[in-house]
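Single-letter residue listing:
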Amino acid sequence: MRRVNLPPLLRVPGKLSGMPVSRLPDDIDTLKRMLVSREETIARLLAEISRLKRWQYGRSSERMAELTGQLQLALSDGSLPQQDAVAAPAPEPVRDEPVDTKAPVVPLRRRSREFPAHLPREVVEHKPQDCDCPECGGQLRKLGEDASEMLDYVPGYFRVIRHVRPRLSCSRCAKVVQEAAPSRPIARGMAAAGLLAQVVVAKYADHMPLYRQAGIYLRAGIELDRATLASWVRESAALLQPLADAVGRYVREAQKIHTDDTPVPVLEPGRGKTRTARLWTYVRDDRPAGSRAPPAVWYQYSPDRKGERPRTHLQGWSGILQADAYSGYDALYRDGTIIEAACWAHVRRKFYDLYELERSPVAQEALSRIAALYAIEREVRGRKPEVRQSVRMTRALPLAGALKDWLEHTLAQVSVKSGLGKAIRYALGNWPALVRYCEDGRIEIDNNTAERSIRPLVLGRRNYLFAGSDGGGQSAAVIYSLIGTARLNGIEPYTYLRTVFERIAEHPINRIDELLPWRLMPVEQPLQQAA
């Protein structure tokens, strides 16, 4: 096994780090302190190993397995129970973005592409509305026609849409009349609206990389290389950008926003490796508080996780921001225009990890007390904010106060460096933001709304491995925003995006809001009953 350098926190002091016996102090109290410090470090390492082993089933399994092995070597005194490690082989990275190469010489007039003859064809004939000559009123006769073909996709099979535009000439004055060519989602592109919707939905909703899609289409006799598919995704995102911006404006009109972020590996051209960028999610969903306003999710891409990123995304907005305890959000709360609301799920998760590791009765007690708070939430989900606030102030706030007293009393009895000490200090350090939901019925008990919006991104990352560039990350944010918002409103993403692609090229930009999912395809939305 190749050795890796362990972080300083994961190095065990004393004998396990190689200190000779001759250098140990003779003072018994000092030795006791060293022993206690050693046991606390081992406890931290055990908790870390437990988390790492659960993470092994993710995409970074080999790296996690390697670090776990080194930790087990550091604790080779037998205190760690051995478990079989399952490490999935990392698939070979596949790039979805085309690689810039020397462009071949392209003839001035491109030869039209012919599609396979076995594909069914739908002929759409564009005839002039008036059969008389617009110049002299004479009768028109057929002179010829211009025809062009577009490749379309209907789930389950391809079809070719043949657009025929007859050329008509006047028998009296020889005036030639012909309908204008219909617009296309991508200028001069061969992909119709249904095929574009299929490609982007397959990648971002079904988590299917472009190279897999190319293989599937090839089985149907259609050769579409990855570079072509990647260019369609890029141009589709550019076409949908104004609509994604409209989603962002709608989200920022809310009084409360849920936010979270997740890492996205991005390829660094020429270096043969990736760097870590971020996708941020901002969710508007007040259905648990009895609101009928349509929910929406807005994703933003950034090349790093600097605190200036959420400040830029939320510039000019004021309201309640429900988030985790990431320090990058702190600057947003300083002037009081944005109010912090914390997440009880994060508190619970820390105690749950400890309980899973060592069946700690203290962790079990904390979980039981937190469960009582969630039981009250289940009773008021879907009720109006004032009802939620009244019930929480009467029933939940006293329970939270008792929990705080118990945490403070317990913290005085455990080591501050232990896992329990860290979990308790995390809860107490964020206490005002944690209990703010009791004082305001609009706030949720946790930030699971944002975490649910992150899951599709994680599933996609595990399949297509990385974004080919910053531009690819921006495209992903645009398309994820529309697919995620459609799903939140109970609208099938393929049907929605196909309709958008059919209309957006000629849709007035000052009426772009008409293409938002709940306006283009209104459906009756039941109140959300589960957070």
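Residues numbered from 1 in each chain as written. Predicted model: local features only at pLDDT ≥ 70, side-chain atom pairs only at ≥ 80, totals over all residues. Heavy atoms only, no water.

Some remarks on the overall build of the chain
Argument step 1. On a plain count of helices and strands, the chain comes out with 17 helices and 9 strands.
Argument step 2. For the chain, the proportion of its 531 residues judged to be buried stands at 47%.
Argument step 3. The long-range share in the chain, meaning contacts at least 24 apart out of those at least 6 apart in sequence, stands at 69%.
Argument step 4. When the accessible surface of the chain is split by element, carbon and sulfur atoms take 51% of a total near 27700 Å². (Helix = DSSP H or I, 4+ residues; strand = E, 2+ residues; numbered from the N terminus. Buried < 20%, exposed > 50% of the residue type's maximum accessible area, 1.4 Å probe, protein only. Contact = heavy atoms within 4.5 Å. Areas by Shrake-Rupley, 256 points an atom, 1.4 Å probe, with all protein chains shown as cover.)

Quick word on the sheet that holds strand E6 (residues 273-284)
Argument step 1. Strand order in the open sheet made by the 5 strands is E7-E6-E5-E8-E9, with mixed pairing throughout. Two strands in the sheet have a free side with no partner beyond their single neighbour: strand E7 (296-302) and strand E9 (338-341). Averaged over all adjacent pairs, the angle separating strand axes in this sheet is 30°, with direction ignored.
Argument step 2. Judged from the 3 bridges that link them, strand E5 (residues 256-268) and strand E8 (residues 319-322) form a sheet pairing that is parallel. Considered in E8, the bridge of Ile257 is made with Leu321.
Argument step 3. The sheet strands contacting helix H14 (residues 448-464) are E5, E6 and E7, and the helix crosses E5 at an angle near 15°. (Pairing = 2+ DSSP bridges. Axes fitted to C-alpha atoms, helices over the stretch in contact; angles between N-to-C directions.)

Concerning the nonpolar core
Argument step 1. Trp232, Leu240, Leu321, Tyr496 and Leu497 are the most contacted members of the largest nonpolar core, which has 83 residues in total.
Argument step 2. Of the residues forming this core, the biggest block, 12 residues, is contributed by helix H5 (residues 226-251).
Argument step 3. Setting aside its immediate chain neighbours within four residues, Tyr496 contacts Leu243, Leu482, Ala486, Ile491, Leu515, Leu516, Pro517, Leu520 and Met521.
Argument step 4. Ala345, Ile376, Leu420 and Trp431 belong to the second largest nonpolar core, which has 35 residues in total. (Core = buried A, V, L, I, M, F, W, Y, C linked by side-chain atoms within 4.5 Å.)

Here we look at the pairing of E5
Argument step 1. With 11 of 13 residues buried, E5 is to be regarded as a mostly interior element.
Argument step 2. Pairing analysis gives 11 bridges linking E5 to E6, with the strands arranged antiparallel. Following the sheet pairing, His258 is matched in E6 by Val283.
Argument step 3. Counted along the chain from E5 to the antiparallel partner E6, the turn is 4 residues long, and its residue Gly270 has a positive phi close to 85°.

Quick word on the pattern of salt bridges
Argument step 1. In this structure the tally under the stated criterion is 26 salt bridges.
Argument step 2. Between Arg287 and Asp285 there is a salt bridge, and its shortest N-O distance comes to 2.8 Å.
Argument step 3. With a closest N to O distance of 2.9 Å, Glu365 and Arg369 form a salt bridge. Here Glu365 pairs with Arg369, and both are found in helix H9 (residues 361-380), just 4 residues apart, close to one helical turn.
Argument step 4. The network of salt bridges with common partners includes Glu122, Asp152, Arg159, Arg498 and Glu502. (Salt bridge = Lys/Arg side-chain N within 4 Å of Asp/Glu carboxyl O.)

Quick word on the packing of helix H3 (residues 193-204) against helix H16 (residues 493-503)
Argument step 1. Where H3 meets H16, the closest approach of the two axes is 8 Å, and the angle between their N-to-C directions is 135°. Judged by the angle between their axes, H3 and H16 are oblique. In the packing of H3 onto H16, the handedness of the crossing is right-handed. Here Ala193, Gly194, Leu196, Ala197, Gln198, Val200 and Val201 of H3 come into contact with H16, specifically with Pro493, Tyr494, Leu497, Arg498, Phe501 and Glu502.
Argument step 2. Of the residues in the contact of H3 with H16, the class split is 9 nonpolar, 2 polar and 2 charged. (Parallel < 35°, antiparallel > 145°, perpendicular 65-115°, else oblique. Left-handed = near helix turned anticlockwise from the far one by under 90°. Nonpolar A, V, L, I, M, F, W, Y, C, P; charged D, E, K, R; others polar.)

Comments concerning the packing of aromatic side chains
Argument step 1. Counted by the stated rule, this structure contains 11 aromatic pairs.
Argument step 2. Where Tyr282 meets Trp298, the ring centres are 5.7 Å apart and the plane angle is 40°; that geometry is what we call tilted. Placement of Tyr282 in strand E6 and of Trp298 in strand E7 is noted, with a sequence separation of 16 residues between them. In this structure, Tyr282 and Trp298 share a single accessibility class: buried.
Argument step 3. Grouping aromatic residues by their ring pairs yields a cluster made of Tyr153, Phe158 and Tyr217.
Argument step 4. The side chain of Arg305 reaches across the aromatic face of Tyr326, ending 3.9 Å from its centre. (Phe/Tyr/Trp six-rings, centres within 6.5 Å; stacked < 30°, edge-to-face > 60°. Lys NZ or Arg CZ within 6 Å of the ring centre and 35° of its normal.)

Some thoughts on empty space enclosed by the protein
Argument step 1. What the rule picks out here adds up to 2 cavities of 30 Å³ or more.
Argument step 2. What the second largest cavity holds in volume is close to 30 Å³.
Argument step 3. As for the second largest cavity, its lining consists of Val264, Leu279, Leu457, Arg461, Tyr464 and Tyr480.
Argument step 4. For the lining of the second largest cavity, the per-class residue count stands at 5 nonpolar, no polar and 1 charged. (1 Å grid on protein atoms, 1.4 Å probe; cavity = no way out; pocket = protein on both sides within 12 Å on 5 of 7 lines; lining within 4 Å. Points joined across faces, edges and corners; volume = space filled by probe spheres on them.)

Looking at unusual backbone geometry
Argument step 1. Although it is not a glycine, His207 adopts a positive phi angle of roughly 60°.
Argument step 2. Backbone geometry at Arg359 places phi at a positive 50°, although glycine is not the residue there.
Argument step 3. Mapped onto the fold, Arg359 is located in the loop between helix H8 (344-358) and H9.

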